[in-house]
Amino acid sequence: MLLSLLYMSAADEPFDQERLDALLEHARSRNAASGLSGLLVYKDGRFMQLLEGPEDAVLETYQRIIDDPRHTDVGLLVEERIHTPRFGEWTMAFDRDAETPLPDGFDPFLADGDRSADASKARALLRWFRNHPMAAPDAALGKHRR
């Protein structure tokens, strides 16, 4: 049995395309070495990541993220046991300049949407993050609260 975690966080400062490309390359190699797969989505200063794999590796990676000063407001949204990975390899989605070639591991999730039939809580939250204004970095400032 595998562990799947989904969290959301805010970047301490905005990531530009070069920094996102470097993060993608680094995380793909590190997560592959740990037997992890998943999806990291970055939009407007916010991250949402689904990590899945062996429990020890997932928890160790999540703790490293919590301790990483580049992340603030880290919040666990979903923790569940799964039998098979929902993301076969580790990928990342973020807004890109249309003229720039796509790096290995880039996922068109933000631009193309999600055609998966997976109805899990984690997948539903990823879809929400793609479109909802509460995913914006200033959402917690009261703009969308009652």
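What you see is a predicted model, and the numbers here were worked out from it, not measured in a lab.

Enquirer: Sorry, what's going on with the side chain of Gln49 here?
Expert: Residue position: Gln49 is located in strand 3 (residues 46–53). A distance of 2.6 Å separates a polar atom in the side chain of Gln49 from a polar atom in the side chain of Tyr7.

Enquirer: Sorry, what's going on with the pairing of strand 3 here?
Expert: For a regular strand, side-chain orientation follows a simple rule: the groups alternate between the two sheet faces. Taken across its eight residues, strand 3 has eight buried, putting it largely inside the fold. Side chains Arg46, Met48, Leu50 and Glu52 project from strand 3 onto one buried face, and the interleaved Phe47, Gln49, Leu51 and Gly53 project onto a second face that is buried too. Here strand 1 (residues 2–11) runs beside strand 3; their pairing, made up of eight bridges, is antiparallel. Looking across to strand 3, one finds that Ser9 is bridged to Phe47. A loop of two residues connects strand 2 (residues 37–43) with strand 3, the two strands running antiparallel in sequence, and Asp44 in this loop sits at a positive phi of about 50°.

Enquirer: Is there a simple way to think about the packing of aromatic side chains in this case?
Expert: The way to describe two aromatic rings as a pair is by their centre distance and the angle between their planes. Taken as a whole, this structure holds four aromatic pairs when the rule is applied. Measuring from centroid to centroid gives 5.7 Å for Phe15 and Tyr42, while their planes differ by 50°, and the two rings are tilted. Residue Phe15 is located in the loop between strand 1 and helix 1 (17–33), and its partner Tyr42 is located in strand 2; the two are separated by 27 residues in the primary sequence. Taken as a pair, Phe15 and Tyr42 share a single burial class, namely buried. On the basis of an interplanar angle of 90° and a centroid distance of 5.3 Å, the ring pair of Phe15 and Phe47 is categorised as edge-to-face. One end of the pair, Phe15, is in the loop between strand 1 and helix 1; the other, Phe47, is in strand 3, with 32 residues separating them in the sequence. A single burial state applies to Phe15 and to Phe47, both of which are buried. Among the aromatic residues, those joined into a cluster by ring pairs are Phe15, Tyr42 and Phe47. Arg19 extends its terminal NZ or CZ atom over the ring of Phe15, reaching a point 3.8 Å from the ring centre.

The rules we used
Residues numbered from 1 in each chain as written. Predicted model: local features only at pLDDT ≥ 70, side-chain atom pairs only at ≥ 80, totals over all residues. Heavy atoms only, no water. Helix = DSSP H or I, 4+ residues; strand = E, 2+ residues; numbered from the N terminus. Polar contact = N/O pair within 3.5 Å; in protein donor to acceptor, adjacent residues only side chain to side chain. Buried < 20%, exposed > 50% of the residue type's maximum accessible area, 1.4 Å probe, protein only. Pairing = 2+ DSSP bridges. Phe/Tyr/Trp six-rings, centres within 6.5 Å; stacked < 30°, edge-to-face > 60°. Lys NZ or Arg CZ within 6 Å of the ring centre and 35° of its normal.

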